[in-house]
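Remarks on the overall topology
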Amino acid sequence: MVINNIAEMYILLNYLIAIIISIITAILLKLPIVPESPKRFSWTKSALFPTPIITIGILAIAYSMKLFWIYNGILLAVIISILSGFFVKYLFDYIFPKPNMG
């Protein structure tokens, strides 16, 4: 099946590429791979959460606005995933502050 002149396989491939590159970017920016223990009450940013989740969300918004750009959206997926890694590292706490546990 084709969605907006792009096959579904390309869209799934773009999401997979975006997840992998966002995790690699977060690791290169010295974010921990997993949050500190106990993970249930941890507010630590990590490479596995929320970096790929933000990447997938922004990429889904771009695809819903029919922004595929060139190479069937692969270049857009790479750019968004790199930018989301930087966003989580440097701007995430300003937009989503940690709750007071007092």
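Residues numbered from 1 in each chain as written. Predicted model: local features only at pLDDT ≥ 70, side-chain atom pairs only at ≥ 80, totals over all residues. Heavy atoms only, no water.

**Thoughts on the overall build of the chain**
A tally of regular secondary structure across the chain gives four helices and two strands. Secondary structure elements in the chain, listed N-terminal to C-terminal, are β-β-α-α-α-α. Across the 102 residues that make up the chain, the buried fraction comes to 33%. The long-range fraction of contacts in the chain, counting pairs at least 24 apart against all pairs at least 6 apart in sequence, stands at 62%. Approximately 6,900 Å² of the chain is accessible, and the part contributed by carbon and sulfur atoms is 72%. (Helix = DSSP H or I, 4+ residues; strand = E, 2+ residues; numbered from the N terminus. Buried < 20%, exposed > 50% of the residue type's maximum accessible area, 1.4 Å probe, protein only. Contact = heavy atoms within 4.5 Å. Areas by Shrake-Rupley, 256 points an atom, 1.4 Å probe, with all protein chains shown as cover.)

**Focus on unusual backbone geometry**
Residue Phe49 is joined to Pro50 through a cis peptide bond whose omega torsion reads 10°. One can find Pro50 in the loop between α1 (8-28) and α2 (51-64). Even without a glycine there, the phi angle at Asn72 is positive, about 55°. Its place among the elements puts Asn72 in the loop between α2 and α3 (74-90).

**A look at the pattern of salt bridges**
Overall, the coordinates contain one salt bridge when judged by the stated rule. A salt bridge links Lys45 to Asp93, with the shortest nitrogen-to-oxygen separation between them at 3.3 Å. With Lys45 in the loop between α1 and α2 and Asp93 in helix α4 (residues 92-95), this pair connects stretches of sequence that are 48 residues apart. Judged by relative accessible area, which is 15%, Lys45 ranks as buried. Using a relative accessible area of 32% as the deciding quantity, one classes Asp93 as partly exposed. (Salt bridge = Lys/Arg side-chain N within 4 Å of Asp/Glu carboxyl O.)

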